[in-house]
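# Structural characterization, general
Okay, here's what each chain looks like letter by letter:
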Amino acid sequence: MSAPQQKPVVTEREARQVAEAAREQDWRKPSFAKELFLGRFRLDLIHPHPMPPSEDAKRGEEFLAKLRDFCETKVDGALIEREAKIPDEVINGLKELGALGMKIDTKYGGLGLTQVYYNKALALAGSASPAIGVLLSAHQSIGVPQPLKLFGTQEQKETFLPRCARTDISAFLLTEPDVGSDPARLATSAVPDGDEYVLDGVKLWTTNGVVADLLVVMARVPRSEGHKGGITAFVVETGSPGITVENRNAFMGLRGIENGVTRFHQVRVPAANRIGPEGAGLKIALTTLNTGRLSLPASCVAAGKWCLKIARGWSAAREQWGKPIAHHEAVGSKISFIAATTFALEAVLDLSSQMADEDRNDIRIEGALAKLFASEMGWLIADELVQIRGGRGFETAESLAARGERAVPAEQVLRDLRINRIFEGSTEIMHLLIAREAVDAHLTVAGDLIDPEKSLTDKAKAGAQAGAFYARWLPKLVAGQGQLPYSYNEFKREVDLSVHLRYVERTARKLARSTFYAMSRWQGRMETKQGFLGRIVDIGAELFAMSAVCVRAELLRTTEDHGRQAYQLADAFCRQSRIRVEELFGRLWTNTDDLDRKVVKGVMSGTYAWLEDGIVDPSGEGPWIADATPGPSERDNVHRPIR
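Residues numbered from 1 in each chain as written. Predicted model: local features only at pLDDT ≥ 70, side-chain atom pairs only at ≥ 80, totals over all residues. Heavy atoms only, no water.

### Details of the overall build of the chain
Keep this limit in mind: In this text, helices come from DSSP runs of H or I with a minimum length of four residues, and strands from runs of E with a minimum of two, each type numbered from the N-terminal end. It is over C-alpha atoms that the radius of gyration is taken, and the globule rule equals 2.2 Å times the number of residues to the power 0.38. Only protein chains enter the calculation, and the probe is 1.4 Å; a residue is then buried if its accessible area is under 20% of its type maximum, exposed if over 50%, and partly exposed in between. Any two residues whose heavy atoms approach within 4.5 Å are treated as being in contact.
Looking only at helices and strands, one finds 23 helices and 10 strands in the chain. Its C-alpha radius of gyration of 25 Å places the chain within 12% of the 26 Å reference for a compact globule of 643 residues. Seen along its three principal axes, the alpha-carbon backbone of the chain occupies a region of about 75 × 70 × 65 Å. Burial statistics for the chain: of 643 residues in total, 54% are counted as buried. Long-range pairs, those at least 24 residues apart, make up 77% of the contacts in the chain with a sequence separation of at least 6.

As structure tokens, this is what we get:
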């Protein structure tokens, strides 16, 4: 029997403790980004650029060729956009192609592609239809295959992975109507009952949930005798009695995705379907996302490439004041931004993905930075394309075609990319997550000093540890290779990239000094300075991207015919990035953060309610957040497995 479900009530401190317990505590492998935030520029960790083994590359290229042919001959992106649905025959074709098993090992019937080629495949499929990219990504990046690969038992792998590789679509269910990035308040319950658990609760925004055959569900197990309890992960058969997909959600973009609301009422799940031990659910989710997040940069790379293609073609054909608009500086600067940033997005994605494949480095920060940087810059690229296209950028592709012009879906790309700044960790959450990892070394040696619950003895011990650490660390932030004129000279060609690597080295030390100063100034209040932390992380993201583009340009110089052009794009990106970095540094200490907090208090207290006068609110009636009280469903089941 399942117990009555009560919504957990947690304090801010308790919520932070839950999140802290879920993160990986140790650093068993080196991390380029972690070192960067500490002021140490470890170029040796990413240069020479890692490369896939030849057999992996061969297998990946062969699949990409098949996938390209399928996308060009079987996928009608305009139809999917118009009907807000991927045709069943397209999904079945992807199954036959093996696309559901790209990341699954060959011994379980999958293709065994590397992360690099998996992302290339997602970019290719997503360029044909973003909805297909999401379908494949949600299934493999965060759905059943990845958690089982990392944490599943041999029996679970043998039971579920062959199904996921060829026939069964999977989904990942964490979010609830009143629970987003604060999982401590997770309300879905899994009550032990003999050799089973009984699930009750409601999950929101279940991407693939409408068509899924298998689900990864996060639910709270109550503590009891013999049960540790806590948030726990389960593999659940969607056809189980008591599961109802109550709604197929619709969005401003990604109109073909199968995203729903899923209700569990007295759903029995075998204990053998539990992934990992009780209480390990959040750690499993976060670890899965370390590489799972790289699927979003893949979609951004695809969008950037397409935006560049359209910008180039349109800006050559469209004339204003006697010359193509590309030759007007106001437009040309936008084209330069699109080209240089697309090169950077691909550099960051490929470097992070290859590092994930090698498994030599801890890439939890690199993966998060890639997601953050790509989602923000990808959106800006699409926005700039719409601006270059002018009125035609705002007009739909269908309308353009109806009046005899090329059906360029620029406005659709803008709509589709917008969700990436929210999916799998919003920009604001990514700032906090990355900031926590970036200051981990400081909290390890000095955390007890700023913890109000620690004893004087603990604080004294922490003070001694901190003194020893900072006595060694701080002097190293004064000078480095970035101040030597001949450092990184292997990157000095006709176009000189060594100057940018020296800048990265100097700026990493400056970033570390700024972080240390802020911790000394605010101590325990540091965690509330979210504006400051966000800028620190954004600077780190730019430095990581600059490093990646330089390393990629050098790789292309030695392996491709367009190395010289790659150096030019890397130089352009680095110069644009350096301007953004200097602006961010200026805003670390000169900003309106304190004033903004005062204005927010006024807004929330109703002080400025008069400012809302003079409008008509078109919103419908209803609660801000839907009721998620557990119980039997009162709605029709819209689940539709595809066979």
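### Considerations on a nonpolar patch on the surface
What counts here: Here, patches come from residues exposed beyond 30% relative accessible area and free of salt bridges, joined within 9 Å for like charges and within 5 Å for nonpolar side chains (Val, Leu, Ile, Met, Phe, Trp, Tyr). Areas reported as accessible are Shrake-Rupley estimates using a 1.4 Å probe. Residue values count occlusion only from the protein chains shown. By definition here, a salt bridge exists when the distance from a side-chain nitrogen of Lys or Arg to a carboxyl oxygen of Asp or Glu is within 4 Å.
Together, L595, V599, V600, V603, M604, Y608, W610 and L611 make up a nonpolar patch on the protein surface, roughly 830 Å² of accessible area in all. We classify W610 as exposed; its relative accessible area is 56%.

### Quick notes on the pairing of strand 5 (residues 230–237)
To keep things clear, this is the line we draw: By this definition, two strands are paired if DSSP reports at least two bridges between them.
Here strand 5 lies mainly inside the structure; 6 of its 8 residues are buried. Of the pairings in the sheet, the one linking strand 4 (residues 214–221) to strand 5 comprises 8 bridges and is antiparallel in character. Residue pairing across strands places V216 opposite V235, the latter belonging to strand 5. Here 2 bridges tie strand 5 to strand 8 (residues 274–275), and the two strands are oriented antiparallel to one another. Directly across from F234, in strand 8, lies its bridge partner R274.

### Description of the packing of helix 3 (residues 54–74) against helix 6 (residues 115–128)
Pairs of packed helices are described in terms of their axes, by the angle between the two and the distance that separates them. Filter applied, for reference: A fitted line through C-alpha atoms represents every axis, and for helices the fit uses only the stretch in contact; the resulting angles, taken between N-to-C directions, go from 0 to 180 degrees. The labels follow the angle: roughly parallel below 35 degrees, roughly antiparallel above 145, roughly perpendicular from 65 to 115, and oblique for the rest. For this classification, the nonpolar set comprises Ala, Val, Leu, Ile, Met, Phe, Trp, Tyr, Cys and Pro, the charged set comprises Asp, Glu, Lys and Arg, and every other residue, Gly included, is treated as polar.
Packing of helix 3 against helix 6 brings their axes to within 10 Å, and their N-to-C directions diverge by 10 degrees. As far as their axial angle goes, helix 6 and helix 3 are roughly parallel. Touching D56, A57, G60, E61, F63, L64, L67, R68 and C71 of helix 3 are Y117, K120, A121, L124, A125 and A128, all from helix 6. Along the lines of polarity and charge, the residues of the contact of helix 3 with helix 6 split into 10 nonpolar, 1 polar and 4 charged.

### A closer look at the layout of surface pockets
Counted only if it meets this: For cavity detection a 1 Å grid was placed over the protein atoms alone, and a set of points counts as a cavity when a 1.4 Å probe fits there but cannot get out; an open set counts as a pocket when protein lies on both sides within 12 Å along at least five of seven lines, with lining residues being those that have an atom within 4 Å of a point. Grid points are joined across faces, edges and corners, and a volume is the space filled by probe spheres set on the points.
Looking at the second largest pocket, its volume works out to about 1,000 Å³. When contributions to the lining of the second largest pocket are tallied by element, the ones reaching two or more residues are helix 3, helix 6, helix 11 (295–317), helix 12 (329–358), helix 21 (530–559) and helix 22 (563–589). Residue composition of the lining of the second largest pocket, grouped by class: 17 nonpolar, 5 polar and 11 charged.

### Quick notes on the packing of aromatic side chains
Convention followed: Working definition: a ring pair exists when centres of Phe, Tyr or Trp rings (six-membered ring for Trp) sit within 6.5 Å. Plane angles under 30 degrees give stacked, over 60 give edge-to-face, the rest tilted. In this scheme, the term charge over a ring applies when either NZ of a lysine or CZ of an arginine sits within 6 Å of the ring centre and within 35 degrees of the ring normal.
One pass over the full model with this rule turns up 14 aromatic pairs. These aromatic residues form a ring-pair network of at least three members: F32, F41, Y488 and F544. When the ring centre of W314 is taken as reference, the NZ or CZ atom of R389 above it lies at 4.7 Å. Over the ring of Y503 we find R578, and its NZ or CZ is 4.2 Å from the ring centre.

### Description of the state of the cysteines
The condition that has to hold: Here, two cysteine sulfur atoms that lie within 2.5 Å of each other are counted as a disulfide.
Applying the stated criterion across every chain yields a total of 0 disulfides. Summary of cysteine pairing: C300 is not part of a disulfide, and the nearest cysteine sulfur, belonging to C307, is at 10 Å.

### Some words on the environment of G143
Considering the arrangement of structural elements, one finds G143 in the loop between helix 7 (130–142) and helix 8 (145–151). In sequence terms G143 and P632 are 489 residues apart; their C-alpha atoms lie 26 Å from each other. Not counting the four nearest positions on each side in its chain, G143 is found in contact with A138, S170, A171, F172 and V216.

### Things to note about helix 6
Our working definition: For a helix, the expected span equals 1.5 Å multiplied by the residue count minus one.
Taking 1.5 Å as the rise per residue, helix 6 with 14 residues should run 20 Å; its terminal C-alpha atoms sit 20 Å apart, in good agreement. Within helix 6, 11 of the 14 residues are buried, which leaves it mostly tucked inside the rest of the structure. Buried within helix 6 we find Q115, V116, Y117, Y118, N119, A121, L122, A123, L124, A125 and G126. Residues of helix 6 that are buried in the fold lie against helix 3, helix 7, helix 10 (281–292), helix 11 and helix 12.

### Observations concerning the packing of helix 13 (residues 364–389) against helix 17 (residues 427–438)
Quick note on the threshold: Left-handed is the label given to a crossing in which the near helix is rotated counterclockwise from the far helix by less than a right angle, and right-handed is the label when the rotation is clockwise.
Axis separation between helix 13 and helix 17 bottoms out at 10 Å; the angle between their running directions is 150 degrees. For the element pair helix 13 / helix 17, the angle class is roughly antiparallel. As helix 13 runs across helix 17, the sense of the crossing is left-handed. Where helix 13 abuts helix 17, its residues R364, I365, A368, L369, K371, L372, S375 and E376 lie against T427, M430, H431, L433, I434, E437 and A438. In terms of residue class, the contact of helix 13 with helix 17 is built from 8 nonpolar, 3 polar and 4 charged.

### Section: the pairing of strand 1 (residues 170–173)
The two faces of strand 1 match: S170 and F172 on one face and A171 and L173 on the other face are all buried. Strand direction decides the pairing type here: strand 1 and strand 4, joined by 4 bridges, are parallel. Across the sheet, the residue bridging to F172 is V216, located in strand 4.

### Topic: the side chain of D593
If you trace the backbone, D593 turns up in helix 23 (residues 593–605). Of the residues examined, D593 reaches a relative accessible area of 17% and is grouped as buried. Beyond its immediate chain neighbours, meaning those up to four positions away, D593 contacts G531, F532 and R535.

### Focus on the environment of A566
Within the secondary structure layout, A566 lies in helix 22. Not counting residues within four places of it along the chain, the set of residues in contact with A566 comprises F343, A553 and L556.

All quantities given are derived from atomic positions and should not be read as evidence of function.
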